[in-house]
Amino acid sequence: MKIVKPPKLNIGDTIGIVASSLPVLPSYRENYEKRKKVIYDLGFKIYEGKTIGSVKGFMAGSPKDVADDINSMFSDKNIKAIFAADGGYSAISVVEHLDYELIIKNAKPLMGFSDTTIYHLAIFSKVGMVGFHMD
């Protein structure tokens with residue numbers, strides 16, 4: 001399998017943010033806004049996915065809803081990277097709904113921590129694209 005390294009980001013690029021596991025709850029909103037400010041201060045634009053602000057129990061939507069948001073970020077040519085808003089423990093239920101053919105045709109950095117590791121492993125095992133773990 002060929003290892004795929006997504007293109008690098010450039011100042012001014014748009015970063016899509018998804019709630020790929022846990023929702024962005026009101027109690028975490030302040031930290032979320034601080035992280036967004038860091039992205040803006042570094043010179044990037046932000047596009048928030050449909051899962052930001054969505055809550056379905058301990059998830060930011062159904063597994064299909066979350067996968068649709070991630071797939072949408074990969075298909076959007078204006079989005080140059082995807083950040084997971086937080087970790088959690090529901091990615092394992094989402095990976096079966098990801099469109100791996102779409103992902104590899106639109107390779108871009110997927111960054112996150114904790115539960116995002118599941119996405120990194122699934123995408124790497126299916127199409128060889130590396131992900132970026134942040135802590």
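Higher on the page you've got the structure.
What counts, and at which threshold
- Residues numbered from 1 in each chain as written.
- Predicted model: local features only at pLDDT ≥ 70, side-chain atom pairs only at ≥ 80, totals over all residues.
- Heavy atoms only, no water.
- Helix = DSSP H or I, 4+ residues; strand = E, 2+ residues; numbered from the N terminus.
- Buried < 20%, exposed > 50% of the residue type's maximum accessible area, 1.4 Å probe, protein only.
- Lys, Arg positive; Asp, Glu negative; His and termini not counted.
- Salt bridge = Lys/Arg side-chain N within 4 Å of Asp/Glu carboxyl O.
- Polar contact = N/O pair within 3.5 Å; in protein donor to acceptor, adjacent residues only side chain to side chain.

1. So, the side chain of Asp69
Here Asp69 lies in helix H2 (residues 63-75). Buried within the structure, Asp69 lacks any salt-bridge partner; Lys50 is the closest side chain of opposite charge, at an N-O distance of 6.6 Å. At 2.5 Å, the side chain of Asp69 and the side chain of Thr51 are in polar contact.

2. A look at the pattern of salt bridges
For the structure on display, the rule yields seven salt bridges. The residue Glu48 makes a salt bridge to Lys36 at a minimum N-O spacing of 3.2 Å. One end of the pair, Glu48, is in strand S2 (residues 45-48); the other, Lys36, is in helix H1 (residues 29-41), and 12 residues separate them in sequence. Lys37 serves as the salt-bridge partner of Asp41, at 2.6 Å between the closest nitrogen and oxygen. You can see Asp41 and its partner Lys37 sitting in helix H1, four residues apart, about one turn around the helix. Given the relative accessible area of 55%, Asp41 is considered exposed. In this structure, a network of salt bridges that share partners links the residues Arg29, Glu33, Lys36 and Glu48.

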